[in-house]
Amino acid sequence: NSLNLLNSLNSLNSLNSLNSPYMTAFSFEILPPLRGKGMQKIYETIDTLMPFNPVCINITTHRSETIYSETSAGTYQKFSVCNRPGTVAVKERYGVRTVPHIICSGFTAAEIERELIDLSYLGINDLLVLRGDRAKEDNRFIPTPGGHAHATELCQQVNDFNQGKLLGGITMPAPTTPFKYGVAGYPEKHDEAMNLDTDIEHLKAKVAMGADHIVTQMFFDNAKYFAFVDRLRKEGITVPVIPGLKPLTTLN
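Since the model is a prediction, treat every value here as computed from it, not as a measurement.

## Some words on the side chain of His 148
Here His 148 shows up in the loop between β6 (126-130) and α5 (151-162). Separated by 2.6 Å, the side chains of His 148 and Gln 157 make a polar contact. Not counting residues up to four positions away in its chain, the partners in contact with His 148 are Cys 104, Ala 109, Ile 112, Phe 141, Pro 143, Glu 153, Leu 154 and Gln 157.

## What to know about the packing of aromatic side chains
Summed over the entire model, instances satisfying the criterion amount to five aromatic pairs. With a centroid separation of 5.6 Å and 45° between ring planes, the pair formed by Phe 161 and Phe 179 is classed as tilted. One end of the pair, Phe 161, is in helix α5; the other, Phe 179, is in the loop between α5 and β7 (180-185), and 18 residues separate them in sequence. When the centroid spacing of 5.4 Å and the interplanar angle of 65° are considered together, the rings of Tyr 225 and Phe 226 count as edge-to-face. Note on Tyr 225: relative accessible area 13%, which makes it buried. An aromatic cluster is built from Phe 219, Tyr 225 and Phe 226, whose rings are joined through pairwise contacts. Arg 93 extends its terminal NZ or CZ atom over the ring of Tyr 43, reaching a point 3.7 Å from the ring centre. When the ring centre of Phe 141 is taken as reference, the NZ or CZ atom of Arg 131 above it lies at 4.1 Å.

## Considering the environment of Lys 206
Following the sequence through the fold, Lys 206 ends up in helix α6 (residues 196-209). Taking the C-alpha atoms as reference, Lys 206 lies 7.2 Å from Val 183; in sequence the two are 23 residues apart. Apart from residues lying up to four places away in sequence, Lys 206 is in contact with Ala 151, Thr 152, Cys 155, Val 183, Ala 184 and Ala 211.

## Some points on helix α2 (residues 40-49)
For α2, every residue scored as buried is listed here: Ile 42, Tyr 43 and Ile 46. Axial view of α2: buried residues confined to an arc of 95°, hence all on one face. Pointing more than 90 degrees away from the buried face of α2 are the exposed residues Lys 41 and Thr 48. Next to the buried residues of α2 lie β1 (27-30), β2 (56-59) and α3 (91-94).

## Considering the sheet that holds β6
Taken together, seven strands build an open sheet; the order of strands is β1-β2-β5-β6-β7-β8-β9 and the sheet is parallel. Each edge of the sheet is formed by a strand with only one pairing partner; in this case those strands are β1 and β9 (241-242). Strand direction decides the pairing type here: β2 and strand β5 (residues 97-103), joined by four bridges, are parallel. Bridge pairing in β5 links Asn 58 to Val 99. Taken strand by strand, helix α4 (residues 109-122) contacts β5 and β6, and its axis lies near 170° from that of β5.

## Quick notes on α6
In this model, α6 (14 residues) spans 20 Å end to end at C-alpha, consistent with the 20 Å of a helix rising 1.5 Å per residue. All of the buried residues along α6 are Asp 199, Ile 200, Leu 203, Lys 206 and Val 207. Projected onto a plane normal to the axis of α6, the buried residues spread over an arc of 110° and lie on a single side. Residues of α6 that are exposed and angled more than 90 degrees away from the buried face: His 202 and Ala 208. On the buried face of α6, the contacting elements are α5, β7, β8 (213-216) and α7 (222-234). Residue Asn 195 occupies the N-cap position of α6, its side-chain oxygen lying 3.1 Å from the main-chain nitrogen of Asp 197. In the stretch just after α6, Gly 210 is the one whose phi turns positive, near 135°.

## Brief notes about the pairing of β1
Here β1 shows a clear split, with Phe 28 and Ile 30 buried on one side and none of Ser 27 and Glu 29 buried on the other. Alignment of β1 against β2, held across four bridges, turns out to be parallel. The partner of Ser 27 across the bridge, within β2, is Cys 56.

## Brief notes about the nonpolar core
Ranked by internal contacts, the top residues of the largest apolar core, which has 39 residues, are Leu 127, Tyr 181, Ile 214 and Leu 232. Those residues within four positions of Ile 214 in sequence are excluded, and the remaining contacts are Val 183, Ala 184, Gly 185, Leu 203, Val 207, Leu 232, Ile 237, Val 239, Pro 240, Val 241 and Ile 242. One finds Ile 42, Tyr 43, Ile 57 and Ile 59 within the second-largest nonpolar core, a separate group that totals nine residues.

Scoring rules and cut-offs
Throughout, a residue's number is its position along its own chain's written sequence, starting from 1. Side-chain atom pairs in this predicted model are given and counted only at pLDDT of 80 or more, local residue features only at pLDDT of at least 70, and totals for whole chains, interfaces and linings cover all residues. Side-chain metrics rest on all non-hydrogen atoms present in the structure, leaving aside hydrogens and water. Helix and strand definitions follow DSSP, with helices as H or I runs of at least four residues and strands as E runs of at least two, each counted in order from the N terminus. Whenever two N or O atoms come within 3.5 Å, that pair is a polar contact, provided that in protein one can donate a hydrogen and the other can accept it, and provided that, for residues adjacent in sequence, both atoms are side-chain atoms. Note on definitions: a residue-residue contact is assigned when non-hydrogen atoms from the two residues lie within 4.5 Å. Working definition: a ring pair exists when centres of Phe, Tyr or Trp rings (six-membered ring for Trp) sit within 6.5 Å. Plane angles under 30 degrees give stacked, over 60 give edge-to-face, the rest tilted. Any residue under 20% of the maximum accessible area for its type is buried, any over 50% is exposed, and the rest in between are partly exposed; the area is computed with a 1.4 Å probe on protein chains only. A positively charged side chain is recorded as over a ring if its NZ (Lys) or CZ (Arg) lies within 6 Å of the ring centre. The angle to the ring normal must also be within 35 degrees. By construction, the arc corresponds to the directions joining the helix axis to the C-beta atoms. Any two strands are treated as partners once DSSP identifies two or more bridges connecting them. Orientation is described by lines fitted to C-alpha atoms, with helices fitted over the stretch in contact, and by angles between N-to-C directions that extend from 0 to 180 degrees. How far a helix is expected to stretch is found by multiplying one less than its residue total by 1.5 Å. Put simply, a nonpolar core is a bunch of buried Ala, Val, Leu, Ile, Met, Phe, Trp, Tyr and Cys residues held in one set by side-chain atoms that sit within 4.5 Å of each other.

What follows is the structure in structure tokens.
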């Protein structure tokens, strides 16, 4: 029953590693509030989920979008805005591991470096490293000038930061606690990949660079997930593969 479920989940309090003796652990992914909205609704949602003792809470990051605003002269002015600005840190409020998403899409390498510095200062050392989505107005992914085209390049930037290497040849003392990071996997193939074989080769490269876990794109057929994990194990990928699940909340 639900009480026994909660009692079982309460035993996960001591869980601090993905490589755990427990059978099941949960993490939750939340979106920062829409531009102009407050955090209260987000906090209310997290409050209802905390009895399940999540091992971590992931925070998504979103690229800016182009909008056009009509002026008094009847012309249109172009703006670049982020509809969900900021990476929200919930570590202090809930005492749970916080995992922000770091993405290539819409960011320069210099902007990413500043974010890594801020997160390191805040003591947030777990990341999910992603290429990110293409801009809505583009029919293919176009890297931001001065940014990265692939998640592997972003992995390399995080690796360099962990070694005290900054952009422009500047060095610093290596962080006391280096970043750990996960990457994305696609049980049914990334929609831009030629085939699953090449997709898995890219995933192997990210794991070889240091990714310590994989989070899958959401799926609705369990068989696809299990087949994907089996394939990765045969390819020598041994890191945890976390299924990305989207609970259905309405009949529609």
